[in-house]
Amino acid sequence: MGRRVTYVEYLAAVAMTLARRHKPVWSWIRWRYVCKCGNELPCRHRHKIPINRGHWPGEDQ
């Protein structure tokens, strides 16, 4: 069985994933930089983190 991750490690992993998903890339179709998710820059797309600390298993607050 895999090891358990802490909530802080989980937040870091989610932040790194969102940072990779939302970065400027060159669009040959639009001929300018756009966000990697497809939105115009600056990308203001808001993502919710799926699990908050209150629902995290095995940690006391």
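In this text the structure is predicted, and so the values were computed from the model without any measurement.

Observations regarding the confidence of the model for the protein
Piece 1. Here the protein averages 77 in pLDDT, and 80% of its residues register 70 or above.
Piece 2. Confidence, expressed as mean pLDDT per element, reaches its minimum in the protein at helix α1 (residues 7-21) with 82 and its maximum at strand β2 (residues 32-35) with 88.

Digging into the packing of aromatic side chains
Piece 1. Under the definition given, this model contains 5 aromatic pairs.
Piece 2. Ring centres of W26 and Y33 lie 5.1 Å apart, and the angle between their planes is 75°; on these two criteria the pair is classed as edge-to-face.
Piece 3. With a relative accessible area of 34%, W26 lands in the partly exposed category.
Piece 4. Through pairs of rings, three or more aromatic residues link up here, namely W26, W28, W31 and Y33.

Focus: the pattern of salt bridges
Piece 1. Applying the stated rule across the entire model yields 2 salt bridges.
Piece 2. Here R30 ties to E40 by a salt bridge, and the two come within 2.9 Å at their closest N and O atoms. Pair noted here: R30 is in the loop between β1 (24-27) and β2 and E40 is in the segment after β2, with a separation of 10 residues, a long-range link.
Piece 3. Residue class for R30 comes out partly exposed when judged on its relative accessible area of 36%.
Piece 4. Of the residues examined, E40 reaches a relative accessible area of 39% and is grouped as partly exposed.
Piece 5. Note that E40 is salt-bridged to R32, the shortest N-O span being 3.2 Å.
Piece 6. It is possible to trace a salt-bridge network through shared partners that takes in R30, R32 and E40.

Basis of the calculations
- Residues numbered from 1 in each chain as written.
- Predicted model: local features only at pLDDT ≥ 70, side-chain atom pairs only at ≥ 80, totals over all residues.
- Heavy atoms only, no water.
- pLDDT = per-residue confidence, 0-100.
- Helix = DSSP H or I, 4+ residues; strand = E, 2+ residues; numbered from the N terminus.
- Phe/Tyr/Trp six-rings, centres within 6.5 Å; stacked < 30°, edge-to-face > 60°.
- Buried < 20%, exposed > 50% of the residue type's maximum accessible area, 1.4 Å probe, protein only.
- Salt bridge = Lys/Arg side-chain N within 4 Å of Asp/Glu carboxyl O.

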